[in-house]
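Observations on the three-dimensional arrangement
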Amino acid sequence: MLINMAMTADGKIATSNRVVSSFGSARDQTHLLDLRATADAVMAGARTVDLNAINMGPGPAKYRRSRLRRGLSEYNLRIIVSRSGSVNLGAAVFNKSFSPIIVLTTRRPSAKRLQALRKVSDEVKVFGDKEINFHTALRWLRHKWKVKRLLCEGGGEVNDALFRAGLVDELHLTICPKIFGGRDAPTIADGIGRSSLAKATYLQFKSAKRLGDEMFLVYRAAGTSKSPRRSSSRRIVPT
Ligand SMILES: NC(=O)c1ccc[n+]([C@@H]2O[C@H](COP(=O)([O-])OP(=O)(O)OC[C@H]3O[C@@H](n4cnc5c(N)ncnc54)[C@H](OP(=O)(O)O)[C@@H]3O)[C@@H](O)[C@H]2O)c1
């Protein structure tokens, strides 16, 4: 599983009023589409879907051709994470029907809400009572929907749950030359977070590329200090 995020130099992924969350360059947008072109499915949290006019699809024809050359389906699956089922049913993502939309949720939503979610999506699947058990959910996605490579595009709360579950293999991070400030502005990993250094996710540097004023970083998640994964090779791309 990969996570791809753009953040400001002060570590924010949106302004504190959540009005601005798209602030990367055209190159960053290309990077996002390049990564989507390698993934079976793209996943996002309910607030990311609510607040942005995104379709979570592969984009222009050249990216779809690139998917087909890789042996992937022309359009990636789309996965929305919503524990209470509160995702806005009128969100832009539900208006495009080019590929299946799967909603992962818990036992919290009422039967009526589940029914409403089923009307706008292709499958609604419950994992866990109050929190999604992402280990089980990813196993199911692999088995039922053949999702081998999953790209998560935030937001901070979903990312945090995935990091805590130890499910993230790689983090793609674009550092954009801006400062948003604001203690309430979201970051790449919010949610519950960690209570000790030992529980932190450790990252291994994989590559860095500077394009204009932006830095494109790739880290491999190396587990926690208690369960480190094996070290990987490093690559620095000269600019
Ligand atoms: N700069 C970037 O690259 C980037 C990328 C993505 C998003 N963003 C921005 O980040 C902000 C959204 O981030 P966010 O952290 O507030 O929201 P988020 O992670 O997109 O969505 C949060 C929602 O996802 C569901 N959820 C989260 N963790 C869960 C878990 N463990 N189990 C089950 N459901 C879970 C819940 O849905 P329910 O409330 O329905 O239960 C929760 O309210 C927006 O401003 C967005 O535009 C920026």
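We now turn to the structure provided with this report. (Residues numbered from 1 in each chain as written. Predicted model: local features only at pLDDT ≥ 70, side-chain atom pairs only at ≥ 80, totals over all residues. Heavy atoms only, no water.)

This part covers helix H6 (residues 156-164). Where burial is concerned, most of H6 is hidden: 7 out of the 9 residues are buried. Of all the positions in H6, only Gly156, Val158, Asn159, Asp160, Ala161, Leu162 and Phe163 are classed as buried. Against strand E1 (2-8), strand E2 (41-45), strand E3 (77-81), helix H5 (134-145), strand E6 (150-152) and strand E7 (170-176) lie the buried residues of H6. (Buried < 20%, exposed > 50% of the residue type's maximum accessible area, 1.4 Å probe, protein only. Helix = DSSP H or I, 4+ residues; strand = E, 2+ residues; numbered from the N terminus. Contact = heavy atoms within 4.5 Å.)

What follows concerns the pattern of salt bridges. Enumeration over the complete set of coordinates arrives at 11 salt bridges. Across the salt bridge formed by Arg36 and Glu153, the nearest N and O atoms sit 2.7 Å from each other. Highlighted residues: Arg36 in helix H1 (residues 26-36) and Glu153 in the loop between E6 and H6, separated in sequence by 117 residues. For the pair shown, Arg36 and Glu153 are each scored as buried. Among the salt bridges present, the one from Asp160 reaches Arg164, with a minimum N-O distance of 2.8 Å. A residue pair is termed a helical-turn pair when its members lie 3 or 4 positions apart in one helix, as Asp160 and Arg164 do in helix H6 at 4 residues. We classify Asp160 as buried; its relative accessible area is 3%. According to the relative accessible area criterion, Arg164 is partly exposed, its value standing at 37%. One salt-bridge network, in which partners are shared between bridges, spans Arg83, Arg108, Glu131 and Glu157. (Salt bridge = Lys/Arg side-chain N within 4 Å of Asp/Glu carboxyl O.)

If you trace the backbone, Asp28 turns up in helix H1. The side chain of Asp28 is buried and forms no salt bridge, while Lys178, the nearest opposite charge, is found at 9.6 Å. In this structure the side chain of Asp28 is engaged in a polar contact, spanning 2.7 Å, whose partner is the side chain of Thr174. (Lys, Arg positive; Asp, Glu negative; His and termini not counted. Polar contact = N/O pair within 3.5 Å; in protein donor to acceptor, adjacent residues only side chain to side chain.)

Throughout the structure, instances matching the rule amount to 4 aromatic pairs. Over the aromatic face of Phe98 sits the side chain of Arg78, whose NZ or CZ is 4.0 Å from the ring centroid. (Phe/Tyr/Trp six-rings, centres within 6.5 Å; stacked < 30°, edge-to-face > 60°. Lys NZ or Arg CZ within 6 Å of the ring centre and 35° of its normal.)

The subject of this paragraph is a positive patch on the surface. A grouping of Arg65, Arg69, Arg70 and Arg149 is seen on the molecular surface, where their side chains present a positively charged patch. Its place among the elements puts Arg70 in the loop between helix H3 (61-69) and E3. Note on Arg70: relative accessible area 48%, which makes it partly exposed. (Patch = residues over 30% accessible without salt bridge, like charges linked within 9 Å, V, L, I, M, F, W, Y side chains within 5 Å. Areas by Shrake-Rupley, 256 points an atom, 1.4 Å probe, with all protein chains shown as cover. Charge placed at Lys NZ, Arg CZ, Asp CG, Glu CD.)

Moving on to the site of the ligand. The local shell around the ligand holds 29 residues, among which Arg18, Thr48, Ser82, Ser84 and Ser86 are the closest. Contact between the ligand and Ala6: a nitrogen atom at 2.8 Å from a main-chain N or O atom of the residue. A distance of 3.0 Å separates an oxygen atom of the ligand from a polar atom in the backbone of Gly155. In the complex, the protein chains occlude 92% of the 920 Å² of accessible area that the ligand would expose alone. Of all the secondary structure elements, the ones that give two or more residues to the shell around the ligand are E1, helix H2 (46-51) and H6. Residues of the shell around the ligand, tallied by class, amount to 13 nonpolar, 10 polar and 6 charged. (Near = heavy atom within 4 Å. Nonpolar A, V, L, I, M, F, W, Y, C, P; charged D, E, K, R; others polar.)

A separate point is the nonpolar core. Met43, Leu104, Phe134, Leu141, Leu150 and Leu162 are the most contacted members of the largest nonpolar core, which has 33 residues in total. When contributions to this core are tallied by element, the ones reaching two or more residues are E1, E2, E3, strand E4 (101-105), H5, E6, H6 and E7. Core analysis: the second largest hydrophobic core is formed by 19 residues, Val49, Val103, Leu117 and Val124 among them. (Core = buried A, V, L, I, M, F, W, Y, C linked by side-chain atoms within 4.5 Å.)

Bridge analysis of E4 against strand E5 (residues 123-126) gives 4 bridges, and the strand direction is parallel. The residue bridging Thr105 from the neighbouring strand is Val126, located in E5. Once you follow E4 into helix H4 (residues 111-120) and on to E5, the crossover reads as right-handed. (Pairing = 2+ DSSP bridges. Right-handed = clockwise from strand over helix to strand, strands pointing away.)

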